[in-house]
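Geometric and topological summary
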Amino acid sequence: STGIVAATPFPAEYDREYVAPVSLGTPAQELNLIFDTGSSDLWVFSTSMPAAQVAGQKLYNPSGSSTSAVLWGHTWSIQYGDGSRSSGTVVNELVTIGGISYASQALEIANGVSAQFSQDPASSGLLGLGFSILNTVIPTSQKTWFDNVLPTLAAPVFTVDLKRAAPGTYTFGAIDASSYAGKIEYTPIDNSNGFWRLQASGYQVGTSPFQPTTIDAIADTGTTLLMLPAAIVKAYYAQVPGSQLHASYGAYTFPCSAKLPSFTFGIGRYRGVIPGAFVSYGRIDATTCYGGIQDQGNLPFSIFGDILMKAQVVVFDAGRTRIGFAAK
Ligand SMILES: CC[C@H](C)[C@H](NC(=O)C[C@H](O)[C@H](CC1CCCCC1)NC(=O)CCNC(=O)[C@H](Cc1ccccc1)NC(=O)N1CCC(N)CC1)C(=O)NCc1cnc(C)nc1N
């Protein structure tokens, strides 16, 4: 089988996150979830949550589904890189994405979430697309929906085609040859830590010469920005007049009137180009804009987040433990 769903950015002017529809239970309850290759829990806002933590999100109601079955004694608790967190209990449930169903998916029901989630009406939870080793359910960890449906897919892959300020797509079980230009360049991934972790071959700022250097990064649809080593970030903003490492934000900002250079990353001999316009994350006041490229700080790797993804078609190939990039 193959399946395709739209990935819609929120809020409209920032592309802070991308959500896609997931059908849960019988009759189907459809929730919009953040598809996140940087984690491996499928969890949803639910009717078990305190009203004070809900603000516009759709709630999954297990009692409203004839196919939900409590996974007795199992709980989960997760914390993310931005400090946000959620926790709760687990049911087995019918989960369908793009017409692809799995009848007894471990569906994690939130009974508590942190403020970042409560204050974000655009998403009613997360669908983890990382490797199952990262799943937080105890006492027995659970498999991701993608792992569960993998044997039924026409090809053991999913393809991510995010767009700037426009709906893109997640495709499961196929690569849409009409969605990209040229050929897909693959590189092996190291999934031992549960991430889609790769080594890029270097970078280039605008039309300056390419700098060969190994960049150890994870491909993470759940991270908004492109997080890179300090030296590379410094080299990028050195070509942006008026940019600064803004003391109060702890991040690089620049005058919204600045013309941003493109950013190129290498995958082997392939060159992936992120247009300068994509590197503006958004406006923070009348004249100041927030950089889409930021310092990875003390993280043990770089993060190829949505700023990079939206300039490429990315193939997550679980069958051959590799990741592919193509221009579009
Ligand atoms: C099993 C845990 C799992 C693997 C976990 N994985 C991750 O954190 C990566 C994962 O992709 C998560 C998925 C996010 C979580 C928040 C909700 C949206 C999805 N990514 C991150 O946390 C990267 C940093 N966050 C981000 O990039 C969020 C994404 C977001 C989107 C929408 C709404 C709110 C937040 N963006 C912002 O915070 N923005 C606000 C600020 C603006 N300048 C940029 C946009 C992990 O590493 N946790 C370990 C961990 C725990 N505690 C901490 C402090 N750091 C950690 N890394």
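No experiment lies behind these values; they were computed from the predicted model shown. (Residues numbered from 1 in each chain as written. Predicted model: local features only at pLDDT ≥ 70, side-chain atom pairs only at ≥ 80, totals over all residues. Heavy atoms only, no water.)

**Focus on the packing of aromatic side chains**
For the coordinates displayed, the defined rule picks out 24 aromatic pairs. Note on Y80 and F117: the rings are 5.9 Å apart at their centroids and 70 degrees apart in plane angle, and the pair reads as edge-to-face. Taken together, the positions of Y80 in the loop between β5 (69–79) and β6 (85–97) and F117 in helix α1 (residues 115–118) put the pair 37 residues apart, joining distant regions of the chain. For Y80, a relative accessible area of 14% translates into the label buried. Aromatic pair Y236 and Y237: ring centres 5.1 Å apart, planes at 90 degrees, arrangement edge-to-face. By relative accessible area, Y237 is classed as buried at 3%. A network of ring pairs unites the aromatic residues F35, F131, W145, F146, F158, Y170, F172, W196 and F316 as a single cluster. Above the plane of the ring of F210 lies R271, whose end atom (NZ or CZ) is 3.5 Å from the centre. Positioned above the aromatic ring of Y186 is the side chain of R322, whose terminal nitrogen or guanidinium carbon lies 3.5 Å from the ring centre. (Phe/Tyr/Trp six-rings, centres within 6.5 Å; stacked < 30°, edge-to-face > 60°. Helix = DSSP H or I, 4+ residues; strand = E, 2+ residues; numbered from the N terminus. Buried < 20%, exposed > 50% of the residue type's maximum accessible area, 1.4 Å probe, protein only. Lys NZ or Arg CZ within 6 Å of the ring centre and 35° of its normal.)

**Concerning the sheet that holds strand β20 (residues 288–291)**
Sheet architecture is open: four strands sit in the order β15-β16-β20-β19, paired in antiparallel fashion. What marks the edges here is a single partner per strand, and that holds for β15 (244–246) and β19 (280–283). Ignoring which end each strand starts from, the neighbouring axes of this sheet average 45 degrees apart. Examined bridge by bridge, β19 and β20 share three bridges and lie antiparallel to one another. By the bridge assignment for β20, S280 is matched with G291. (Pairing = 2+ DSSP bridges. Axes fitted to C-alpha atoms, helices over the stretch in contact; angles between N-to-C directions.)

**Focus: the side chain of S114**
By the element assignment, S114 lies in the loop between β7 (100–113) and α1. For S114, a relative accessible area of 12% gives the class buried. What S114 contacts, discounting residues up to four positions off in sequence, is S84 and R85. (Contact = heavy atoms within 4.5 Å.)

**What about the sheet that holds strand β17 (residues 263–267)?**
Reading across the sheet, the seven strands line up as β18-β17-β12-β13-β22-β14-β21 and stay open at both edges, with mixed pairing between neighbours. Among the strands making up the open sheet, the edge pair consists of β18 (270–274) and β21 (293–295). Put simply, the sheet's adjacent strands are angled 40 degrees from each other on average, direction ignored. Across five bridges, β17 lies against β18 in antiparallel orientation. Opposite G266, over in β18, you have R271 as the bridge partner. Lying over the sheet, helix α3 (residues 230–237) contacts β12 (197–205), β13 (211–219), β14 (226–228), β17 and β21, oriented at roughly 140 degrees with respect to β21.

**Quick notes on the confidence of the model for the chain**
Averaged over the chain, the pLDDT score is 98; the fraction of residues at 70 or greater is 100%. Of all the helices and strands in the chain, β19 carries the lowest mean pLDDT, 93, while strand β4 (residues 42–44) carries the highest, 99. Taken together, the chains of this predicted complex give a pTM of 0.97 and an interface ipTM of 0.94. (pLDDT = per-residue confidence, 0-100.)

**Some points on the site of the ligand**
Lining the immediate surroundings of the ligand are 23 residues, of which E17, D36, Q79, G81 and D220 lie closest. A distance of 2.7 Å separates an oxygen atom of the ligand from a polar atom in the side chain of D36. Within the side chain of Y290, an N or O atom sits 3.0 Å from a nitrogen atom of the ligand. Burial of the ligand by the surrounding chains reaches 73%, relative to a free accessible area of 1100 Å². Among the elements of the structure, β3 (29–36) and β5 are those that each provide at least two residues to the shell around the ligand. Residues of the shell around the ligand, tallied by class, amount to eight nonpolar, nine polar and six charged. (Near = heavy atom within 4 Å. Polar contact = N/O pair within 3.5 Å; in protein donor to acceptor, adjacent residues only side chain to side chain. Areas by Shrake-Rupley, 256 points an atom, 1.4 Å probe, with all protein chains shown as cover. Nonpolar A, V, L, I, M, F, W, Y, C, P; charged D, E, K, R; others polar.)

**Some remarks on the environment of A238**
Checked against the element boundaries, A238 lands in the loop between α3 and β15. You can call A238 exposed: its relative accessible area is 67%. Between the alpha carbons of A238 and V205 there is a distance of 9.6 Å; along the sequence they are 33 residues apart.

**Considering the nonpolar core**
Across soluble globular proteins, you tend to see nonpolar side chains buried next to one another. F35, F172, F263 and F304 are the most contacted members of the largest nonpolar core, which has 76 residues in total. Look past the residues within four positions of F263 in its chain and what remains in contact with it is Y203, Q204, L226, L228, I232, Y236, G272, V273, I274 and I293. Formed by 16 residues, the second largest nonpolar core is a distinct cluster that contains F45, M49, Y80 and V113. (Core = buried A, V, L, I, M, F, W, Y, C linked by side-chain atoms within 4.5 Å.)

**Looking at unusual backbone geometry**
Cis peptide bonds are those with omega within 30 degrees of zero, and the linkage from F10 to P11 qualifies with -20 degrees. Its location among the elements puts P11 in the loop between β1 (3–10) and β2 (17–24). At the junction of I138 and P139, the peptide bond is cis and its omega measures out at 5 degrees in the coordinates. With respect to the helices and strands, the residue P139 is situated in the loop between β8 (125–128) and α2 (145–149). Even without being glycine, A165 reaches a positive phi, approximately 55 degrees. Summarising the element assignment, A165 is placed in the loop between β9 (157–163) and β10 (166–172). A165 sits in the exposed class, given a relative accessible area of 53%.

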